[in-house]
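Read off the chains here:
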Amino acid sequence: MAEVIINLAAVLAGIAFLLVLWRFIKGPGPVDRIIAFDGLTIVSITGILFAALAEGRGIYLDVALVYALLSFLGVIVVARFLERGF
Amino acid sequence: MVAALDIIGALLLLGGTSFLLLGGLGLVRMPDAYNRIQAGTKATTLGTLLSLAGVAFLHPDWILKLLLIGVFLLFTNPLSSQVLARAAHRTDVQKASTTALDHLEEDLGGKR
């Protein structure tokens, strides 16, 4: 029972990833792409959670933590770059 | 008892990923960049937090790391969305034609 619901949740996360990826490809401006990049990394964190669940290994959560940190830094850096061009 | 916790955790995961789906849908459907910032950061933050809570129910021994990720997301996501919105406003990203109110524009009074 629980496994079925978890698989359904993973499928929903995959669809969400595809929707955000569509916005990332379509554009139209740099700000939209950064938003989509932020969304992609956030959805990917949930994806890493599913990987950790499937393998039963808690060490994968460290990857999710570092990924969240790096994506945050990337968004901040690109936003600052857009604002004043370094 | 363990089975009940598993069901609760799986349902929380399902709720979280449906919020992620709604956020993705908002990113596709919203008319301009400012609305997309709202959809793309608020809904996905709630979705990720619900998913983290669901995994905490499924694996109670991971709760410390999950809590750390959740606190970190709560700190960084609003910050990055605010910085993005400010950058969009300063670089004059086009607003949707239905935008009714822009307090920042009024406060600046065109003296940029």
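Structure shown above.
Read on for a plain summary of the structure. (Residues numbered from 1 in each chain as written. Chains lettered and ligands numbered in written order. Predicted model: local features only at pLDDT ≥ 70, side-chain atom pairs only at ≥ 80, totals over all residues.)

### Quick notes on the overall build of chain A
At step 1: When you go through chain A residue by residue, the secondary structure sums to 3 helices and 0 strands.
At step 2: For chain A, the N- to C-terminal ordering of α and β elements is α-α-α.
At step 3: On C-alpha atoms alone, chain A measures out to a radius of gyration of 15 Å, which is more than a quarter above the 12 Å that the 2.2 N^0.38 rule sets for 86 residues.
At step 4: The principal-axis extent of the C-alpha atoms belonging to chain A is close to 50 × 25 × 10 Å.
At step 5: Across chain A, contacts joining residues at least 24 apart in sequence account for 40% of those joining residues at least 6 apart. (Helix = DSSP H or I, 4+ residues; strand = E, 2+ residues; numbered from the N terminus. Rg over C-alpha atoms; globule rule 2.2 N^0.38 Å. Contact = placed C-beta atoms within 7 Å.)

### Here's the deal with the overall build of chain B
At step 1: When helices and strands are tallied, chain B shows 4 helices and 0 strands.
At step 2: Rg of the C-alpha trace for chain B: 18 Å, well past the compact-globule value of 13 Å for 112 residues, more than 25% over.
At step 3: Projecting the C-alpha coordinates of chain B onto the three principal axes gives extents of approximately 65 × 25 × 15 Å.
At step 4: Here chain B holds 112 residues, and 41% of them are scored as buried.
At step 5: When contacts within chain B are restricted to residue pairs at least 6 apart in sequence, long-range pairs at least 24 apart make up 68% of them. (Buried ≥ 20, exposed ≤ 12 C-beta atoms within 10 Å, placed from the backbone.)

### Quick notes on the environment of Val-71 of chain B
At step 1: Looking at the element boundaries, Val-71 of chain B is found in helix α3 (residues 63-90).
At step 2: By C-beta crowding, Val-71 of chain B is classed as exposed, having 11 other C-beta atoms within 10 Å.

### Some thoughts on the interface of chain B and chain A
At step 1: Facing the 42 residues of chain B at the interface are 39 residues of chain A.
At step 2: Looking at the side of chain B that touches chain A, the elements that each hand over two or more residues are α1 (2-29), α2 (33-58) and α3 of chain B.
At step 3: Here the element with the most residues in the side of chain B that touches chain A is α1 of chain B; it accounts for 16 residues.
At step 4: By residue class, the composition of the side of chain B that touches chain A is 25 nonpolar, 13 polar and 4 charged. (Nonpolar A, V, L, I, M, F, W, Y, C, P; charged D, E, K, R; others polar.)

As far as function goes, none of this settles anything; it's purely spatial.
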